[in-house]
Amino acid sequence: MCQQTAGLVARILEENHIPTVTLNLFKELAEIVKPPRTLHLRFPYGSPVGQPNHKEQQLAVLKEAFDLFLSQNEPGVIIDSTIKYRD
C-alpha cells in the first residue's frame, strides 16, 4: 500500500475512533496527507521496518511506533525516528 493511501486510511480509521500510527519514508508526503500519528524513518523504500533479517532493528522500529501510539494524542504528529538504517 502506498504511503499516501495508508495516511488517508489512517485518518478515516481515526474518525471512527480507531487509533493508528503510520510508518513513513517520505516526510514531505506525510506533511501533505497529515496522518494522525506518523513515525518518519530514513530507510530505503521496501524496508519500512529495517534491514532484512535484522530482528533487533525491526523490533526497535516497532517499539518506537508503539511509544508514539501511547504518547501522542494530537492529530498530525510527525516524529523522526532515532533509528539509523545502517550503523
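Please refer to the structure higher up on the page.
No experiment lies behind these values; they were computed from the predicted model shown.

Undergrad: I'd like to hear about helix α1 (residues 3–15), residue by residue, with values.
TA: Along an α-helix, residues three or four apart share an orientation, since each turn contains 3.6 residues. Here α1 is 13 residues long and its end C-alpha atoms lie 19 Å apart, about the 18 Å a rise of 1.5 Å per residue gives. For α1, every residue scored as buried is listed here: Q3, G7 and A10. Projected onto a plane normal to the axis of α1, the buried residues spread over an arc of 60° and lie on a single side. Note on α1: the residue one or two positions beyond its end, H17, has a positive phi of about 65°.

Undergrad: With reference to specific residues and values, describe the environment of H54.
TA: Relative to the helices and strands, H54 is located in the loop between β2 (37–40) and α3 (55–71). Along the backbone, H54 and L70 are 16 residues apart, and their C-alpha atoms lie at a distance of 25 Å.

Undergrad: For a nonpolar patch on the surface, give the residues involved together with the corresponding values.
TA: A cluster of nonpolar side chains, namely V9, L13 and I18, defines an oily patch on the protein surface of about 210 Å² accessible area. Within the secondary structure layout, L13 lies in helix α1.

Undergrad: Can you lay out the pattern of salt bridges for me, pointing to particular residues and giving the numbers?
TA: Between side chains of opposite charge, pairing is possible as soon as their charged atoms come close. Using the criterion set out here, one finds four salt bridges in the structure. D80 is the salt-bridge partner of K27, the closest N and O atoms lying 3.0 Å from each other. With K27 in helix α2 (residues 27–33) and D80 in strand β3 (residues 77–80), this pair connects stretches of sequence that are 53 residues apart. Judged by its relative accessible area of 23%, K27 is partly exposed.

Thresholds applied
Residues numbered from 1 in each chain as written. Predicted model: local features only at pLDDT ≥ 70, side-chain atom pairs only at ≥ 80, totals over all residues. Heavy atoms only, no water. Helix = DSSP H or I, 4+ residues; strand = E, 2+ residues; numbered from the N terminus. Expected span 1.5 Å × (residues − 1). Buried < 20%, exposed > 50% of the residue type's maximum accessible area, 1.4 Å probe, protein only. Arc of directions from axis to C-beta. Patch = residues over 30% accessible without salt bridge, like charges linked within 9 Å, V, L, I, M, F, W, Y side chains within 5 Å. Areas by Shrake-Rupley, 256 points an atom, 1.4 Å probe, with all protein chains shown as cover. Salt bridge = Lys/Arg side-chain N within 4 Å of Asp/Glu carboxyl O.

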